[in-house]
Each structure stands twice: as structure tokens, then as C-alpha cells.
Amino acid sequence: GMKLTEFEWEYKCNYAGQYQGKGKFLTMCGAAVKKIWYQSVFGEVIDASFHASKPFNYGNVSEPVGGIDLQVEMSSHGHFESTTVGCQITMKGDATFTVI
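Residue indices follow the written sequence of each chain, beginning from 1 at its first position. Restriction of local features to residues with pLDDT of at least 70 applies here, the model being predicted, together with a cutoff of 80 or more for giving and counting side-chain atom pairs; totals for whole chains, interfaces and linings are based on all residues. Derived side-chain values reflect all non-hydrogen atoms in the structure, with water molecules and hydrogen atoms excluded from consideration.

1. What to know about the state of the cysteines
Defined as follows: Note on terminology: pairs of cysteine sulfur atoms within 2.5 Å are recorded as disulfides. By definition, any uninterrupted DSSP run of H or I lasting at least four residues is a helix, any uninterrupted run of E lasting at least two residues is a strand, and each is numbered from the N terminus. Three exposure classes are used, based on accessible area relative to the maximum for each residue type with a 1.4 Å probe and protein chains only: buried under 20%, partly exposed in between, and exposed over 50%.
Following the criterion strictly, the structure yields one disulfide and no others. What pairs with cysteine 13 in a disulfide is cysteine 29, and their sulfur atoms sit 1.9 Å apart. Within this pair, whereas cysteine 13 is found in strand S1 (residues 5-19), its partner cysteine 29 is found in strand S2 (residues 22-38), the two being separated by 16 residues in sequence. Classification of cysteine 13 by relative accessible area gives buried; the value is 13%. Here cysteine 29 falls in the partly exposed class, since its relative accessible area comes to 25%.

2. Re the nonpolar core
Operational definition: Each nonpolar core is a collection of buried residues, namely Ala, Val, Leu, Ile, Met, Phe, Trp, Tyr and Cys, held together in the definition by side-chain atoms within 4.5 Å. In what follows, residue pairs with any heavy atoms lying within 4.5 Å of each other are defined as contacts.
Grouped together as the largest cluster of nonpolar side chains are 11 residues: Phe7, Tyr11, Cys13, Leu26, Ile46, Ile68, Leu70, Val72, Met74, Ile89 and Met91. For this core, the elements supplying multiple residues, two or more each, are S1, strand S5 (66-77) and strand S6 (82-92). Counting residues per element, this core draws most heavily on S5, which supplies four residues. With sequence-adjacent residues up to four places away left out, tyrosine 11 is seen in contact with Gly30, Ala31, Leu70, Gln71, Val72, Cys87, Gln88, Ile89 and Met91.

3. What about the packing of aromatic side chains?
The condition is simple: Here a Phe, Tyr or Trp ring, Trp counted by its six-membered ring, pairs with any other such ring whose centre lies within 6.5 Å, and the pair is stacked when the planes are under 30 degrees apart, edge-to-face when over 60, and tilted otherwise. Note on geometry: a ring has a charge over it if NZ (lysine) or CZ (arginine) is within 6 Å of the ring centre and within 35 degrees of the ring normal.
Under the definition given, this model contains three aromatic pairs. With 6.4 Å between their ring centres and 80° between their planes, tryptophan 9 and tyrosine 11 make a pair best called edge-to-face. You can call tyrosine 11 buried: its relative accessible area is 18%. Ring geometry for phenylalanine 56 versus tyrosine 58: centroids 5.1 Å apart, planes at 75°, classification edge-to-face. Using a relative accessible area of 41% as the deciding quantity, one classes tyrosine 58 as partly exposed. Clustering of aromatic rings is evident, with ring pairs tying together Phe7, Trp9 and Tyr11. Here the guanidinium or amino end of lysine 92 rests over the ring plane of tyrosine 58, the centre of that ring lying 4.1 Å away.

Spelled out as C-alpha cells, the structure:
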């Protein structure tokens, strides 16, 4: 088969931020797009989106550990097919993550 689209990204986040010397917080979290490519000759169109949850606490009041869910989704459609792909990840301020 012929490749009609390509979409590459990576999740980025700064970990272990503190407030008044306590906690493990996240800052600057998001998805960095590395590559978007498509075959325009076949009428391909790409739509990409990014969503972030509200932040939440995996720790407790005295030692908070921040967390957030991030999701990237890409849809490609043209004359021949329609495809949607995505990835969701939970990131935590202690530098751990889970791909959902």
C-alpha cells in the first residue's frame, strides 16, 4: 500500500516543580509536533487536536504530586479512506507516566 499521511509527536513536560519547598508539580506539559505529512494529490486532509484534563493530585495535602491527562488525536481523510489515531497519557510530577 501507499502511505497517505504521517503524523509524529512527543509528549513533553517539566517534572518535580515545588511550591514553598513542597510537592512534585508539573509545568509546561503538552505535545510537540515533530512531523505532519500528507499526499495532497489524493485529496488528503489532516486534522490534529490536543486535549488536557484539569490537573489533579496523586499525593496528599502536605506532599502533593501533580498529575494531568494529555491526549493527541489525528484524523486523516481523502477520496479513498478515513483514519483516526490517537494516544492518551497520564503524567505525574514524580516523573512517572502511564500510556492509556
